[in-house]
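A closer look at the structure
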2 protein chains.
Amino acid sequence: MYEGIVQDLIDELGKLPGIGPKSAQRIAFHLLDAEEESARRLAEVLMKVKETARFCEVCGNVSAEDLCRICADPRRTDEVICVVEESKDIVAIERIREFKGRYHVLGGAIDPIGGVGPNDLRISELMRRLASNETQEIILALDPNIEGEATSAYLSRMLAPMELTVTRLASGLPVGGDLDYADEMTLGRAFLGRRAV
Amino acid sequence: MYEGIVQDLIDELGKLPGIGPKSAQRIAFHLLDAEEESARRLAEVLMKVKETARFCEVCGNVSAEDLCRICADPRRTDEVICVVEESKDIVAIERIREFKGRYHVLGGAIDPIGGVGPNDLRISELMRRLASNETQEIILALDPNIEGEATSAYLSRMLAPMELTVTRLASGLPVGGDLDYADEMTLGRAFLGRRAV
């Protein structure tokens, strides 16, 4: 235990995800040693983030304006909407530079144990978007886990009556992985999704 | 890349030691989702830490007052001073609940490549302490690496003319470790320091 403000800083840092007591201590001493500027800049950004962080009115992505950069981009097509759980999934998909459609951020996945139901997600916003635009395909790009599967299943049922193509990302072996390290679920999916060569 | 303030927060978090881009992103989204309180508390502590963090006038330990808790404790003996590199070493040694003397924090170790010489450390403060008190033993508890060794050697020479016992922490195999995983230096030290049983 340290005295006074240094321990307070270690305690606050230790509440962040992925920061254990050792890391919290290391960061606190780093900030104590650094020029005053660096702790102050971090403090300012922290103060501002809650006030100024906004979410795109259309897709729910983290945004600096009312419309995020992707929704405001006229070069992208409205024909395909890729549904994701979180804004960070958009960043991951944008990194592959393949997808030229729009996104829709649900804000999570259905998780009965965690108390997240369909009404806690931005599903009604998605339905409203579909009523008023020329979407032809919905790509469900949810996490490949139980919550993501449940949410995909729920959305598929909701979307079935509409004249839309609904697709999901392929499951299978990760590129560069070893077959014998793959878990049974992944290997099972890879078999089911096998293709003629 | 995110838009606006969220990316600023990720950038600032990513400058902290041990926080990579993925962790920075995870912490930023955690703070975005958390109640406003938690980001604000962290910001406040960051603002205050540089102003209010103080160092003990005697030993250089992180402190809330002019004298740290250890230097102010009348139950501890002035006869032994344990010399450490950083305040966090004091916390580690206090945890074993064996040592009842005082400490002296050097603020680092001699490191010619990093540009740290004896004059950058609190060595003259240590000499002044020795002139005016009843110290009988100095324990050099520096890190067991090249910089720590160099600093121990330098301090031993400085302290040799004084009528003091100068000791160092034992080097050897870590308890609970496997002998065949020990590096050659550690194993060599363990041999040199072997004891009759």
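Residues numbered from 1 in each chain as written. Chains lettered and ligands numbered in written order. Predicted model: local features only at pLDDT ≥ 70, side-chain atom pairs only at ≥ 80, totals over all residues. Heavy atoms only, no water.

We count it as follows: UniProt positions are given in the numbering used here, feature names are shortened, and annotations may be inferred rather than shown by experiment.
Chain A carries the name Recombination protein RecR in an unreviewed UniProt entry, which gives Brachybacterium equifaecis as its organism. UniProt's Function (unreviewed entry) comment on chain A is quoted here verbatim: "May play a role in DNA repair. It seems to be involved in an RecBC-independent recombinational process of DNA repair. It may act with RecF and RecO." Taken from UniProt, the Sequence similarities (unreviewed entry) comment for chain A reads in full: "Belongs to the RecR family."

**Observations regarding the relation of the copies chain B and chain A**
Put simply, the rule is: The copies are overlaid by a least-squares fit using only the C-alpha atoms of residues whose pLDDT is at least 70 in both copies. By definition, residues are in contact when any of their heavy atoms lie within 4.5 Å.
Structural alignment of chain B on chain A gives an RMSD of 0.1 Å, achieved by rotating through 180° and translating 0.0 Å along the axis. Expressed as a symmetry operation, the mapping of one chain copy onto the other fits a two-fold axis. When C-alpha positions in chain B are compared against the rotation axis, the closest is assigned to B:Ala43, at 2.1 Å. Mapped onto chain A, 100% of the interface residues of chain B are again interface residues, and the two copies thus contact each other with one and the same surface.

**Points about the sheet that holds strand β3 (residues 80-84) of chain B**
Residue and element names in this part refer to chain B. Here is the rule we go by: DSSP bridges decide pairing: two strands pair if at least two such bridges lie between them. Secondary structure elements follow DSSP: runs of H or I of four or more residues count as helices, runs of E of two or more count as strands, with numbering from the N terminus. Working convention: axes come from line fits to C-alpha atoms, limited for helices to the stretch in contact. Angles between N-to-C directions cover 0 to 180 degrees.
As summarised here, the arrangement of the four strands in space is β4-β3-β5-β6, forming an open sheet in which the pairing is parallel. With one partner strand each, in any of the chains shown, β4 (102-105) and β6 (165-168) form the two edges of the open sheet. Averaged over all pairs of adjacent strands, the angle between their axes in this sheet comes to 25°, without regard to strand direction. Here strand β5 (residues 137-140) runs beside β6; their pairing, made up of four bridges, is parallel. Bridge pairing links Glu137 to Thr165 in β6. Lying over the sheet, helix α6 (residues 123-131) contacts β3, β4 and β5, oriented at roughly 150° with respect to β4. Strand contacts of helix α7 (residues 146-159): β3, β5 and β6, with the helix running at about 165° to β5, the strand carrying the most contacts.

**Some thoughts on the sheet that holds strand β5 (residues 137-140) of chain A**
Within a sheet, neighbouring strands are paired by backbone hydrogen bonds and run either parallel or antiparallel to one another. All names here are of chain A. Reading across the sheet, the four strands line up as β4-β3-β5-β6 and stay open at both edges, with parallel pairing between neighbours. Of all the strands in the sheet, just β4 (102-105) and β6 (165-168) have a single pairing partner and so form its edges. The sheet shows a mean angle of 25° between the axes of neighbouring strands, direction not considered. Helix-sheet contacts for helix α6 (residues 123-131) involve β3 (80-84), β4 and β5, and the interaxial angle to β4 is about 150°.

**With respect to the nonpolar core**
Cut-off, in case you're wondering: Think of a nonpolar core as a cluster: buried Ala, Val, Leu, Ile, Met, Phe, Trp, Tyr and Cys residues, connected wherever their side-chain atoms sit within 4.5 Å. Burial classes: relative accessible area under 20% of the type maximum marks a residue as buried, over 50% as exposed, and values in between as partly exposed (1.4 Å probe, protein chains only).
Core analysis: the biggest nonpolar cluster contains 46 residues, and A:Leu9, A:Leu46, B:Leu9 and B:Leu46 have the highest contact counts within it. Of all the elements in the fold, those that place two or more residues in this core are α1 (4-14), α2 (21-33) and α3 (36-52) of chain A together with α1 (4-14), α2 (21-33) and α3 (36-52) of chain B. Beyond its immediate sequence surroundings of up to four residues, B:Leu9 is in contact with A:Leu42, A:Val45, A:Leu46, A:Val49, B:Ala28 and B:Leu31.

**Things to note about the UniProt feature "zinc finger region: C4-type" (unreviewed entry) in chain A**
Following the UniProt record, the feature "zinc finger region: C4-type" (unreviewed entry) maps to residues 56-71 of chain A here. Across residues 56-71 of chain A, helical content stands at 19% and strand content at 12%; the span's end C-alpha atoms are separated by 8 Å.

**What to know about helix α5 (residues 87-95) of chain B**
Along α5(B), the residues that are buried comprise B:Ser87, B:Asp89, B:Ile90, B:Val91 and B:Ile93. Considering only its buried residues, α5(B) is in contact with α2 of chain A together with β2 (62-63), α4 (69-72), β3 and β4 of chain B.

**Let's talk about the interface of chain B and chain A**
Note the following rule: We define buried area as the total accessible area lost by two parts upon association, computed with a 1.4 Å probe and summed across both. Any Lys or Arg side-chain nitrogen found within 4 Å of a carboxyl oxygen on Asp or Glu counts as a salt bridge.
Facing 49 residues of chain B, the contacting portion of chain A comprises 50 residues. Both sides of the chain B and chain A interface together cover about 5000 Å² of buried area, and 71% of this is carbon and sulfur. In this structure, the connection of chain B to chain A is made through two salt bridges. Across the pair B:Arg41 and A:Glu12 runs a salt bridge whose closest N-O atoms are separated by 3.1 Å. Mapped onto the side of chain B that touches chain A, the elements with two or more residues apiece are α1, α2, α3, β2 and α5 of chain B.

**Brief notes about the pattern of salt bridges**
Pairs may arise between side chains of opposite charge once their charged atoms sit close together. Residues and elements named next belong to chain A. Within this structure, the stated rule accounts for 20 salt bridges over all chains. Arg40 is the salt-bridge partner of Glu37, the closest N and O atoms lying 2.7 Å from each other. Residue Glu37 and its partner Arg40 are both found in helix α3; the two are separated by three residues, about one turn of the helix. Taking the shortest distance from any N to any O, the salt bridge between Arg168 and Glu149 comes out at 3.4 Å. Highlighted residues: Arg168 in strand β6 and Glu149 in helix α7 (residues 146-159), separated in sequence by 19 residues.

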